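# Observations on the three-dimensional arrangement
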Amino acid sequence: MGQDGIHPRVMRELADELAKPLSIICHQSWLTSEVPDNCKLANVTPIHKQGAKEDPGNYRPVSLTSVLGKIMEQFILSAITQNLQDGQGLRPSQHGFRRGRSCLTNLITFYDQVTHLVDAGKAVDVVYLDFSKAFDTVSHSILLNKLAAHGLDKSTKSTLRWVRNCLDGQAQRVVVNGAASSWGQSPVVSLRGLCWADIY
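Quick notes on the rules
- Residues numbered from 1 in each chain as written.
- Predicted model: local features only at pLDDT ≥ 70, side-chain atom pairs only at ≥ 80, totals over all residues.
- Heavy atoms only, no water.
- Buried < 20%, exposed > 50% of the residue type's maximum accessible area, 1.4 Å probe, protein only.
- Phe/Tyr/Trp six-rings, centres within 6.5 Å; stacked < 30°, edge-to-face > 60°.
- Helix = DSSP H or I, 4+ residues; strand = E, 2+ residues; numbered from the N terminus.
- Polar contact = N/O pair within 3.5 Å; in protein donor to acceptor, adjacent residues only side chain to side chain.
- Contact = heavy atoms within 4.5 Å.
- Patch = residues over 30% accessible without salt bridge, like charges linked within 9 Å, V, L, I, M, F, W, Y side chains within 5 Å.
- Areas by Shrake-Rupley, 256 points an atom, 1.4 Å probe, with all protein chains shown as cover.
- Salt bridge = Lys/Arg side-chain N within 4 Å of Asp/Glu carboxyl O.
- pLDDT = per-residue confidence, 0-100.
- Axes fitted to C-alpha atoms, helices over the stretch in contact; angles between N-to-C directions.
- Parallel < 35°, antiparallel > 145°, perpendicular 65-115°, else oblique.
- Left-handed = near helix turned anticlockwise from the far one by under 90°.
- Nonpolar A, V, L, I, M, F, W, Y, C, P; charged D, E, K, R; others polar.
- Pairing = 2+ DSSP bridges.
- Expected span 1.5 Å × (residues − 1).

## Considering unusual backbone geometry
Look at Ser33: it is not a glycine, yet its phi comes out positive at around 60 degrees. For Ser33, a relative accessible area of 5% corresponds to the buried category.

## Describing the packing of aromatic side chains
Enumeration according to the criterion identifies 1 aromatic pair in this entry. With centroids separated by 5.3 Å and ring planes inclined at 65 degrees, the aromatic side chains of Phe110 and Tyr111 adopt a geometry described as edge-to-face.

## Some words on the side chain of Ser33
In this structure, Ser33 sits in the loop between helix H2 (15-32) and strand E1 (41-48). A polar contact of 3.4 Å, which involves the side chain of Ser33, links it to the backbone oxygen of Ser158. Once residues lying within four places of it in the same chain are set aside, the contact partners of Ser33 are Ser158, Arg161, Trp162 and Asn165.

## Looking at a nonpolar patch on the surface
Residues Ile6, Val10 and Leu14 make up a contiguous nonpolar surface patch of roughly 220 Å² in combined accessible area. Mapping Leu14 onto the fold places it in the loop between helix H1 (8-13) and H2. The exposure class assigned to Leu14 is partly exposed, which follows from its relative accessible area of 38%.

## Points about the confidence of the model for the protein chain
Across the protein chain, the average pLDDT comes to 80, with 84% of residues at or above 70. The spread of mean pLDDT over the elements of the protein chain runs between helix H6 (residues 152-155), the lowest at 66, and helix H4 (residues 103-119), the highest at 91.

## Section: the packing of helix H3 (residues 67-86) against helix H7 (residues 157-167)
Closest axis-to-axis distance for the H3/H7 pair is 10 Å, and the angle between their directions is 135 degrees. Of the possible angle classes, the one that applies to H3 and H7 is oblique. Read as a crossing pair, H3 and H7 show a hand that is left-handed. Between H3, through Met72, Glu73, Ile76, Ala79 and Ile80, and H7, the contact on the second element is made entirely by Thr159, Trp162, Val163 and Cys166. For the contact of H3 with H7, the per-class residue count stands at 7 nonpolar, 1 polar and 1 charged.

## Observations concerning the packing of H2 against H3
Two quantities define a packed helix pair, namely the angle between the axes and the distance from one axis to the other. Packing of H2 against H3 brings their axes to within 10 Å, and their N-to-C directions diverge by 60 degrees. Accordingly, the angle class assigned to the pair H2 and H3 is oblique. The hand of the H2/H3 crossing is right-handed. On the side of H2, the interface is formed by Leu22, Ile25, Cys26, Ser29 and Trp30, while H3 contributes Leu68, Ile71, Met72, Phe75 and Ile76. Among the residues making up the contact of H2 with H3, the classes are represented as 9 nonpolar, 1 polar and no charged.

## Thoughts on the environment of Ala148
Within the secondary structure, Ala148 is located in helix H5 (residues 140-149). Residue classification places Ala148 among the partly exposed positions, given a relative accessible area of 22%. On a C-alpha basis, the gap between Ala148 and Leu160 in space is 7.4 Å, while along the polypeptide they are 12 residues apart.

## What about the pairing of E1?
Pairing analysis gives 4 bridges linking E1 to strand E3 (residues 171-176), with the strands arranged parallel. Residue pairing for E3: Asn43 is matched across the bridge by Arg173. Pairing geometry for E1 and strand E2 (residues 59-65), over 7 bridges, is antiparallel. Looking at E2, one finds that His48 is bridged to Tyr59.

## With respect to H7
Within H7, 8 of the 11 residues are buried, which leaves it mostly tucked inside the rest of the structure. Buried within H7 are the following residues: Ser158, Thr159, Leu160, Trp162, Val163, Asn165, Cys166 and Leu167. Phi turns positive one or two residues past the end of H7, at Gly169, with a value near 85 degrees.

## Considerations on H3
With 20 residues, H3 extends 29 Å from end C-alpha to end C-alpha; this agrees with the ideal 28 Å at 1.5 Å per step. Listing the buried residues of H3 in full gives Val67, Leu68, Gly69, Met72, Glu73, Ile76, Leu77, Ile80, Thr81, Asn83 and Leu84.

As structure tokens, then:
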């Protein structure tokens, strides 16, 4: 659950009753480019990955936002993705965060190309880069400029304004065992599902 305390299961079980009012709220939010304040708040919870539990480096922070915010973000994500695909903003080689593609399809394509080159007697050099924390430090202004450069402001001005409003005033707090820190400015780009590196 996010900071609003509404469990996703509640939304799922009441989907028939909530669909119409939520669609009105989401549509109005998009038309006015105003994101409800509670959708900009996130509880960050540490999830243990591996190793000693005493080492803070062995935890991955997970940002929990409101279910309504996630629903609205999915609508906006669809509009952005469609715009980028229509405008050729996403390369065919883009596998991450695209429907029908995954890390596995990326690896299969990569190994297919490498084996063809090796079979042809050509040398293959591979460079591995670790972009640890890269997506947690994306500049909001650069992101907005890149989205505008890819034509998002020409075709769907409301969408770009909505993203700008969504990023403005985001706040997060750390919650561990029911104890919460004070609210702080969120440095994280919250729109989930789109690999922002590929529009850079």
